[in-house]
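Per-entry structural report
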Amino acid sequence: MNHRHVLLLLLLGCALISAQAADTRPNVLLLMADDLAATLGCYGHPQAKTPNLDALAKRSVVFHRAYCQFPHCNPSRSSMMSGLRPNTTRVTNNEDNLYTNLPDVLTLPHHFRSNSYTTARCGKIFHLGVPSGLESMDDPKAWDFGTPFKNELPYPPKRESSVKVKTGKKQGLGWQEIPGDDDQLVDGNFAKTAIDWLGRRDKTKPFFLAVGFHRPHLPLVAPAKYFDLYPLEKITLPEATADDEADIPAPARNGAVPGYALTCTPEQRRAAIRAYLACVSYVDAQAGRVLNAIKQMGLDDNTIIIFTSDHGWHLGEHGLWHKRSLFEECARVPFIMHTPGMKTGGQESRGLIELLDVYPTLCDLCGVPAPKHLQGRSLNPLLRDPSASIHQEAFTQARRGKNAEFWGRTIRTSRWRCTEWDEGKNGLELYDHDNDPHEYTNLAAAPQHAGVLKELRARLAEKLPPITQ
């Protein structure tokens, strides 16, 4: 045997040792939208055109009762990425800093990076300034690679819209239809950058890739072709009761947050819904680009995929617009999860889950030790059996008022939603989802439900004591 043969054998031996030592733990792809309610085709929305996420849903478990812990960007994301409730993070507005409040906090991507995952962020995962691009809330220890949030202003010249509906600060939500391709706006670039990173990542390690899309966060700007999917005359408004606001406590009403106060005509509301749906379809297309790249690169067989949002959003329900409410439309989020080789793909879960559950779930599925501080639970039992249950309730908190002076907390069970404002001093709400899924009738003053109200308020007080700033 000559020296050349010896060298070849040594090289083969090294390759075999390397292959045997390869890290085969699953990859993670976390896709997040911003301000997205359950306005997707796979959630039964009658008008949303979301073919890529609907296709993902067909091979995933779709969670119909997923809830954020605080319907505001920074508080929700800080809670989800730390695995801690807002009572612990004390992040209750966009100016609060998680790392000032909890200097030793161990966030989800930081933990995976410390456990030999290569990590990347494309877009908004932790709270970033919108649209300025400030990144003061990002975790500097979380990422091997992170993309700056580009300031989109000034936007490309808009296309003149065929829809002629006057809007202003008090008259619905303005929009812009941008001619040209998807990459003229940041979400297209986030998808493009994520795909590029996948191609040149460190392939000796499993990856944790988080792609945070900006839309449908305001302003409602998207390429014109997505607006063309939604002719104004085909936009329908959901039914609502004429006196819906009569039994809603003052802190929960339209106008309680002055910057969110709108009084819209039906036509203005349809125009706003159309623009919102156009942005949703734009996000769907960008998510589809990343999902297709995962498939084309042969990564599908070993990649966990989650698609979700930081919180829901109002499009005129209960007379409300924007976020920061504790009604179902705002507290609830879309949540779609696929795991490699799953046998329950295409099924739906009605079990209650919280965004807090993301952190322990990914630790569980990836063989990463879960930190003891986590306050959520692994969703693995629901992934194996979507009819199972891991929570008896889900909790969400909010602040409303001119100076965010009203503190709200809500509990959602399989049947009931109970909401307190300032521990009940500024209002109580109770809704029976078995008979009133749109939360039109507040039963808090109904004597026949006094026992239910008392029990749920006791659980709220136990789980969510007042936050001290």
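Structure report, in brief. All figures in this text were calculated on a predicted structure; none of them were measured in a lab. (Residues numbered from 1 in each chain as written. Predicted model: local features only at pLDDT ≥ 70, side-chain atom pairs only at ≥ 80, totals over all residues. Heavy atoms only, no water.)

1. With respect to the packing of aromatic side chains
- Counted under the stated rule, the structure contains 10 aromatic pairs.
- For the ring pair phenylalanine 327 and tyrosine 431, a centre distance of 5.9 Å and an interplane angle of 50° mean the geometry is tilted. Note that phenylalanine 327 is positioned in the loop between strand 10 (321-322) and helix 10 (328-331) and tyrosine 431 in strand 17 (residues 428-432), a separation of 104 residues in sequence. In terms of burial, phenylalanine 327 and tyrosine 431 fall into one category: buried.
- Linked through ring pairs, Tyr99, Phe112, Tyr117, Phe126, Trp143 and Phe208 together constitute an aromatic cluster. (Phe/Tyr/Trp six-rings, centres within 6.5 Å; stacked < 30°, edge-to-face > 60°. Helix = DSSP H or I, 4+ residues; strand = E, 2+ residues; numbered from the N terminus. Buried < 20%, exposed > 50% of the residue type's maximum accessible area, 1.4 Å probe, protein only.)

2. With respect to unusual backbone geometry
- The linkage connecting arginine 215 with the following residue, proline 216, adopts the cis geometry, with an omega of 10°.
- Mapped onto the secondary structure, proline 216 falls in the loop between strand 6 (207-212) and strand 7 (220-223).
- For the bond running from leucine 218 to proline 219, omega is -5°, close enough to zero to count as cis.
- Tracing the backbone through its elements, the reader meets proline 219 in the loop between strand 6 and strand 7.
- Backbone geometry places alanine 404, a non-glycine residue, at a positive phi of 55°.
- If you trace the backbone, alanine 404 turns up in the loop between strand 14 (394-400) and strand 15 (406-412).
- With a relative accessible area of 15%, alanine 404 lands in the buried category.

3. What to know about the side chain of arginine 201
- Among the structural elements, arginine 201 can be located in the loop between helix 7 (186-200) and strand 6.
- Summary of buried charges: arginine 201 has no salt-bridge partner, and the nearest side chain of opposite charge, aspartate 202, is 7.8 Å away.
- Of the polar contacts made by the side chain of arginine 201, one reaches the backbone oxygen of leucine 198; its length is 2.6 Å.
- Excluding its chain neighbours within four sequence positions, the residues that come into contact with arginine 201 are Phe207 and Leu299. (Lys, Arg positive; Asp, Glu negative; His and termini not counted. Salt bridge = Lys/Arg side-chain N within 4 Å of Asp/Glu carboxyl O. Polar contact = N/O pair within 3.5 Å; in protein donor to acceptor, adjacent residues only side chain to side chain. Contact = heavy atoms within 4.5 Å.)

4. Let's talk about the sheet that holds strand 14
- Ordered in space as 14-15-16-17, the 4 strands form an open sheet in which the pairing is antiparallel. Single-partner strands in this sheet number two, and they are strand 14 and strand 17. Averaged over all pairs of adjacent strands, the angle between strand axes in this sheet comes to 15°, irrespective of strand direction.
- Relative to strand 16 (residues 416-421), strand 15 runs antiparallel, the two being bridged by 5 bridges. Residue pairing in the sheet places glycine 408 in a bridge with tryptophan 421 of strand 16.
- Of the strands in this sheet, strand 14, strand 15, strand 16 and strand 17 touch helix 13 (residues 450-463), which is tilted by about 60° from strand 16. (Pairing = 2+ DSSP bridges. Axes fitted to C-alpha atoms, helices over the stretch in contact; angles between N-to-C directions.)

5. A look at empty space enclosed by the protein
- Counting across every chain of the model gives 1 cavity of 30 Å³ or more.
- Considered as a void within the structure, the largest cavity measures approximately 40 Å³ in volume.
- Residue composition of the lining of the largest cavity, by class: 4 nonpolar, 2 polar and 1 charged. (1 Å grid on protein atoms, 1.4 Å probe; cavity = no way out; pocket = protein on both sides within 12 Å on 5 of 7 lines; lining within 4 Å. Points joined across faces, edges and corners; volume = space filled by probe spheres on them. Nonpolar A, V, L, I, M, F, W, Y, C, P; charged D, E, K, R; others polar.)

6. What to know about the layout of surface pockets
- By volume, the largest pocket is sized at about 1000 Å³.
- Looking at the largest pocket, it is lined by 35 residues, and the ones nearest its centre are Ala38, Glu317, Glu329, Arg332 and His438.
- For the lining of the largest pocket, the secondary-structure elements that each account for two or more residues are strand 2 (61-67), helix 9 (266-296), strand 9 (314-315) and helix 10.
- For the lining of the largest pocket, a count of residues per class yields 14 nonpolar, 12 polar and 9 charged.
- Put simply, the second largest pocket is a space of about 450 Å³.
- Class assignment of the residues belonging to the lining of the second largest pocket gives a composition of 8 nonpolar, 9 polar and 4 charged.

7. Brief notes about the side chain of histidine 217
- Relative to the assigned elements, histidine 217 resides in the loop between strand 6 and strand 7.
- Among the polar contacts listed, one links the side chain of histidine 217 to the side chain of lysine 323, at a separation of 3.5 Å.

8. Focus on the nonpolar core
- The biggest cluster of nonpolar side chains holds 110 residues, and the ones touching the most others in it are Phe112, Leu209, Phe335 and Leu362.
- For this core, the element with the most residues is helix 9, which contributes 16 residues.
- With residues near it in sequence (within four places) discarded, phenylalanine 335 still touches Tyr43, Val61, Val62, Phe63, Ala66, Ile306, Phe307, Thr308, Ile353, Leu355, Val358 and Leu379. (Core = buried A, V, L, I, M, F, W, Y, C linked by side-chain atoms within 4.5 Å.)

9. Notes on helix 9
- Its 31 residues place the ends of helix 9 44 Å apart at the C-alpha level, agreeing with the 45 Å of an ideal helix rising 1.5 Å per residue.
- With 24 of its 31 residues buried, helix 9 lies for the most part within the structure.
- Once helix 9 finishes, glycine 298 follows within two positions and takes phi at roughly 75°, a positive value. (Expected span 1.5 Å × (residues − 1).)

10. Regarding the pairing of strand 6
- By the criterion of burial, strand 6 is predominantly enclosed, with 6 of the 6 residues buried.
- Where strand 1 (residues 27-33) meets strand 6, 5 bridges bridge the pair, whose relative direction is parallel. Bridged to methionine 32 within strand 6 is glycine 212.

11. Section: the pairing of strand 16
- For strand 16, the tally of buried residues reaches 6 of 6 residues, placing the bulk of the element in the interior.
- The alternating pattern of strand 16 places Trp416, Cys418 and Glu420 and Arg417, Thr419 and Trp421 on opposite faces, both of which are buried.
- Taking the residues between adjacent antiparallel strands as the criterion, strand 15 and strand 16 are bridged by 3 residues.
- Where strand 16 lies against strand 17, 5 bridges are found, and the strand directions are antiparallel.

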